[in-house]
Amino acid sequence: MEQKIFHLNDEVEMKKPHPCGTNHWKIIRMGADIRIKCMGCQHSVMIPRKEFTKKLKKILVSHNE
């Protein structure tokens, strides 16, 4: 299976939408846990990296450094 490569400030699409209705997120912190911010309502969520990689659908805007 292909490993998805993502970086800080990338904008991503998750498999399930946020309750506000949007499915567009921005990665704002990386480490063992990943913090993502909803681009619709600005709510942020921290989830473990392993769970994030499972729920990631695709990278919309890449900001690789």
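Notes on the structure follow. (Residues numbered from 1 in each chain as written. Predicted model: local features only at pLDDT ≥ 70, side-chain atom pairs only at ≥ 80, totals over all residues. Heavy atoms only, no water.)

### Focus: the sheet that holds strand 2 (residues 24-29)
Across a sheet, paired strands are connected by hydrogen bonds in the backbone, their directions being either parallel or antiparallel. The 5 strands are arranged 4-3-2-1-5 in an open sheet whose pairing can be described as antiparallel. For this open sheet the edge positions go to strand 4 (44-48) and strand 5 (56-61), each flanked by a neighbour on one side alone. The average angle at which neighbouring strand axes cross in this sheet is 40 degrees, direction not considered. One ladder, built from 3 bridges, connects strand 1 (residues 11-14) with strand 2; its direction is antiparallel. Pairing of Glu11 across the sheet is with Lys26, part of strand 2. (Pairing = 2+ DSSP bridges. Helix = DSSP H or I, 4+ residues; strand = E, 2+ residues; numbered from the N terminus. Axes fitted to C-alpha atoms, helices over the stretch in contact; angles between N-to-C directions.)

### Quick notes on the environment of Met30
Along the chain, Met30 turns up in the loop between strand 2 and strand 3 (33-38). For the pair Met30 and Arg49, spaced 19 residues apart in sequence, the C-alpha separation works out to 8.3 Å. Those residues within four positions of Met30 in sequence are excluded, and the remaining contacts are Phe6, His7, Leu8 and Arg49. (Contact = heavy atoms within 4.5 Å.)

### Some thoughts on the packing of aromatic side chains
Following the criterion strictly, the structure yields 1 aromatic pair and no others. Plain terms: the ring middles of Phe6 and Phe52 are 4.9 Å apart, the flat faces sit at 75 degrees to each other, and that makes the pair edge-to-face. In this pair, Phe6 sits in the segment before strand 1 while Phe52 sits in helix 1 (residues 49-55), placing the two residues 46 residues apart along the sequence. (Phe/Tyr/Trp six-rings, centres within 6.5 Å; stacked < 30°, edge-to-face > 60°.)

Remember that the coordinates give geometry; whether it matters functionally is a separate question.
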